[in-house]
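Descriptive analysis of the structure
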Amino acid sequence: MDKKEILQRAQRENQDDGMAAAENRGRKYGFSAFCILCIAVLIFNDIYARPNYLPMAVMMAYLAAESYPRFAFTRKKSDLVLAILTTIAAAAALAAYVVSVVRGV
C-alpha cells in the first residue's frame, strides 16, 4: 500500500489516529486513578474496620470487563481464566455487600 492509498482508506473509515492515541492514554491514566482510589478506599475501610465488599466488587467487575475483550482478541487461556475468576469474584463480593446491607452490618 502506498501513502496515498493509506490516507484515502483512513479518510473513508473516518479514523483519527491522534484521537485514538489520546483516548488510549486517557484510559491508562483513568485505570491508574481508579486503582489508586480503590486501594485508598480499601485501606480506609481496613482502618475503620468496615467491610470491603463494594470496592472489591467494583474492582473485580472492572478487571472482568477488561479481560473478556482481551480474550476475544488474543484467545489466550490465561485471559479467559482471569475473566471467569474476576467475574465470579465480582459476583461474590456484590452478594456479600448486599447481604451486609440487608443485615445492617
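All of the points below concern the structure found in this document. (Residues numbered from 1 in each chain as written. Predicted model: local features only at pLDDT ≥ 70, side-chain atom pairs only at ≥ 80, totals over all residues. Heavy atoms only, no water.)

Topic: the overall build of the protein chain
Put simply, the test is: Put simply, DSSP H or I for four residues or longer makes a helix, DSSP E for two residues or longer makes a strand, and each gets a number counted from the N terminus. Note on exposure labels: buried denotes an accessible area under 20% of the residue type's maximum, exposed denotes more than 50%, and partly exposed covers the range between, all computed with a 1.4 Å probe on protein chains only. Only heavy atoms enter the contact rule, under which two residues are in contact if any of them lie within 4.5 Å.
Within the protein chain, the regular secondary structure consists of four helices and zero strands. Each helix and strand of the protein chain, ordered N terminal to C terminal, gives the series α-α-α-α. With respect to the principal axes defined by its C-alpha atoms, the protein chain has extents near 65 × 30 × 20 Å. Counting the 105 residues in the protein chain, one finds 17% classified as buried. Expressed as a percentage of contacts within the protein chain between residues at least 6 apart in sequence, the contacts between residues at least 24 apart total 42%.

Brief notes about the packing of aromatic side chains
Rule in force here: Classification of ring pairs uses Phe, Tyr and Trp, with its six-membered ring standing for Trp, and accepts pairs whose centres are within 6.5 Å; under 30 degrees between planes counts as stacked, over 60 as edge-to-face, and the remaining range as tilted.
All chains considered together, the criterion is met by three aromatic pairs. Ring centres 4.8 Å apart and planes at 45° place the aromatic pair phenylalanine 44 and tyrosine 48 in the tilted group. With relative accessibility at 48%, the residue phenylalanine 44 sits in the partly exposed group. Through a chain of ring-to-ring contacts, the aromatic side chains of Phe31, Phe34 and Tyr62 assemble into a single cluster.

Examining the side chain of aspartate 79
Looking at where aspartate 79 falls in the secondary structure, it is placed in helix α4 (residues 77–103). Taking the relative accessible area as the measure of exposure, aspartate 79 reaches 10% and is therefore buried. Discounting chain neighbours no more than four positions away, the residues touching aspartate 79 are Ser67, Arg70, Phe71 and Thr74.

Concerning unusual backbone geometry
Its identity is not glycine, yet alanine 49 carries a phi of approximately 50°, on the positive side. Mapped onto the fold, alanine 49 is located in the loop between α2 (17–47) and α3 (53–74). Positive phi outside glycine occurs at arginine 75, with the angle close to 60°. Mapped onto the elements, arginine 75 comes out in the loop between α3 and α4.

Describing a nonpolar patch on the surface
Here is the rule we go by: Note on patches: the residues involved have over 30% relative accessible area and no salt bridge, like charges join within 9 Å, and the nonpolar side chains Val, Leu, Ile, Met, Phe, Trp and Tyr join within 5 Å. The protein chains shown are the only cover counted for residues, whose accessible areas, like all others here, come from Shrake-Rupley with a 1.4 Å probe. We count a salt bridge whenever a side-chain nitrogen from Lys or Arg sits within 4 Å of a carboxyl oxygen from Asp or Glu.
Judged by side-chain polarity, Tyr53, Leu54, Val58, Leu94, Tyr97, Val98, Val101 and Val102 come together as a nonpolar surface patch covering roughly 670 Å² of accessible area. Contributing elements (two or more residues each) for the nonpolar patch: α3 and α4. No other element matches the five residues that α4 contributes to the nonpolar patch. Inspection of the secondary structure puts leucine 94 in helix α4. For leucine 94, a relative accessible area of 43% puts it in the partly exposed group.

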